[in-house]
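The lines below spell out each chain.
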Amino acid sequence: MDIGILHPGEMGISIAASAINGGHRVYWLSEGRSEKTRSRAERYHLTEAVSLERMCKDCSIIISVCPPHAAEDVADAVIEKGFSGLYLDANAISTKHARNIGEKMKTKGIDFVDGGIIGGPAWKPKETWMYLSGEKAEDISTIFAKGPLESKVIGEEVGKASALKMCYAAYTKGTTALLSAILAAAESNGVRQELYQQWDMDEEGFSEQVNRRARRVTAKAWRFEGEMKEIAETFEEVGLPGGFHLAAAEIFHRMAGFKDQTQTPELDDVLSALL
């Protein structure tokens, strides 16, 4: 089966690799992409598509793996090029956003599956899960049967997979933003060392865990900003306040300048960026 991936970033390339493990040919779109993307695609033996129009004609399935803010633009571009196959949106978007894209696809005769990825890039079994929902979800799941990406269908309702992703990330990434903000507030008030002492009395080693989380998240903070906004929208849609995750989005926005740094920044640099 011929499958298109938009786009083979760090996560997308691992998704493509699992599809290739299943005997499928995976295309990537070279138009407008960086040399880093080209190198990644060539390393894992993806087939080049010189235009989106060509990809939409050659592929029966297209998988979207991109930053949340770009998800709808990518979907619109695929629709515009006349794609008529099966489209998987595997992005960290709100339930409302997923349903909106699904409705657009449906009106154009495109089958749509909602996906939510939990875990890092999928290079080891049992570490990264793709949750799927939609009438054609099983068709997507079979693509990844050889792993190492794990896939699980959780229903036919579009939005269900995104809801799970949003709720999971609300805790994992949301608490990292909260802890980073707490460190910055403690630093500004001159009580960071005293806070560490109290934390470590409550749970041995907790302060060092927090430091690591605040430093390591900087590499992806630029991407998590949009994800926090999607979580806020998901909460608000069911009548819950979205303010906490909008604040988390602001925390990650302040860390966005660390994108593409080759080394993990020191904690003092992270706190300076936040303050």
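Everything numeric here is computed off the predicted structure, so don't read it as measured data.

Glancing now at the sheet that holds strand S8 (residues 150-153). Pairing within the open sheet is mixed, and its eight strands lie in the order S3-S2-S1-S4-S5-S6-S7-S8. The open sheet has two free edges, formed respectively by strand S3 (47-49) and S8, since each of these has just one partner strand. Sheet twist, expressed as the mean angle between neighbouring strand axes with direction ignored, is 25°. Pairing geometry for strand S2 (residues 25-29) and S3, over three bridges, is parallel. Residue pairing across strands places Tyr27 opposite Thr47, the latter belonging to S3. The sheet contacts of helix H1 (residues 10-21) involve strand S1 (2-6), S2, strand S6 (111-118) and strand S7 (129-133), and relative to S1 the element is tilted by about 170°. Contacts from helix H5 (residues 95-107) reach strand S5 (86-89) and S6, with the element oriented near 155° to S6.

Looking now at a nonpolar patch on the surface. Nonpolar side chains collect at one region of the surface, where Leu178, Ile182 and Phe244 lie side by side and expose about 230 Å² of accessible area between them. The topology assignment puts Leu178 in helix H7 (residues 160-188).

A few words on the packing of H7 against helix H10 (residues 221-237). Interhelical geometry of H7 versus H10 gives an angle of 125° and a closest axis separation of 10 Å. In this view, H7 runs oblique relative to H10, as classed from their interaxial angle. Between H7 and H10 lies a crossing of left-handed hand. Contacts between H7 and H10 involve Lys165, Met166, Ala169, Ala170, Lys173 and Gly174 from the first element and Phe224, Glu227, Met228, Glu230, Ile231, Thr234 and Phe235 from the second. Residue composition of the contact of H7 with H10, by class: seven nonpolar, two polar and four charged.

Scanning the model with the defined rule gives 15 salt bridges in all. Two residues, Arg99 and Glu237, come together in a salt bridge whose shortest N-O distance is 2.1 Å. With a gap of 138 residues between them, Arg99 in helix H5 and Glu237 in helix H10 connect regions that are remote in the sequence. Residue Arg99 is classed as partly exposed on the basis of its relative accessible area, which comes to 31%. Residue Glu250 is joined to Arg254 by a salt bridge in which the shortest nitrogen-to-oxygen separation is 2.9 Å. Pair noted here: Glu250 and Arg254 are both in helix H11 (residues 243-255), with a separation of four residues, about one helical turn. Since its relative accessible area comes to 36%, Glu250 is described here as partly exposed. With a relative accessible area of 41%, Arg254 lands in the partly exposed category.

Approximately 740 Å³ is the volume attributed to the largest pocket. Lining the largest pocket are 28 residues, and of these Gly119, Gly120, Lys173, Lys220 and Phe224 sit closest to its centre. Mapped by element, the contributors of at least two residues to the lining of the largest pocket are H1, S6, H7, helix H9 (206-216) and H10. Here the lining of the largest pocket takes six residues from H7, the largest share from any one element. When its residues are assigned to classes, the lining of the largest pocket shows 14 nonpolar, five polar and nine charged. Taken as a whole, the second largest pocket encloses approximately 630 Å³ of empty space. Taken together, the elements giving at least two residues each to the lining of the second largest pocket come down to H1, helix H2 (35-43) and H10. Here the residues of the lining of the second largest pocket sort into ten nonpolar, six polar and eight charged.

What counts and how
- Residues numbered from 1 in each chain as written.
- Predicted model: local features only at pLDDT ≥ 70, side-chain atom pairs only at ≥ 80, totals over all residues.
- Heavy atoms only, no water.
- Pairing = 2+ DSSP bridges.
- Helix = DSSP H or I, 4+ residues; strand = E, 2+ residues; numbered from the N terminus.
- Axes fitted to C-alpha atoms, helices over the stretch in contact; angles between N-to-C directions.
- Contact = heavy atoms within 4.5 Å.
- Patch = residues over 30% accessible without salt bridge, like charges linked within 9 Å, V, L, I, M, F, W, Y side chains within 5 Å.
- Areas by Shrake-Rupley, 256 points an atom, 1.4 Å probe, with all protein chains shown as cover.
- Salt bridge = Lys/Arg side-chain N within 4 Å of Asp/Glu carboxyl O.
- Parallel < 35°, antiparallel > 145°, perpendicular 65-115°, else oblique.
- Left-handed = near helix turned anticlockwise from the far one by under 90°.
- Nonpolar A, V, L, I, M, F, W, Y, C, P; charged D, E, K, R; others polar.
- Buried < 20%, exposed > 50% of the residue type's maximum accessible area, 1.4 Å probe, protein only.
- 1 Å grid on protein atoms, 1.4 Å probe; cavity = no way out; pocket = protein on both sides within 12 Å on 5 of 7 lines; lining within 4 Å.
- Points joined across faces, edges and corners; volume = space filled by probe spheres on them.

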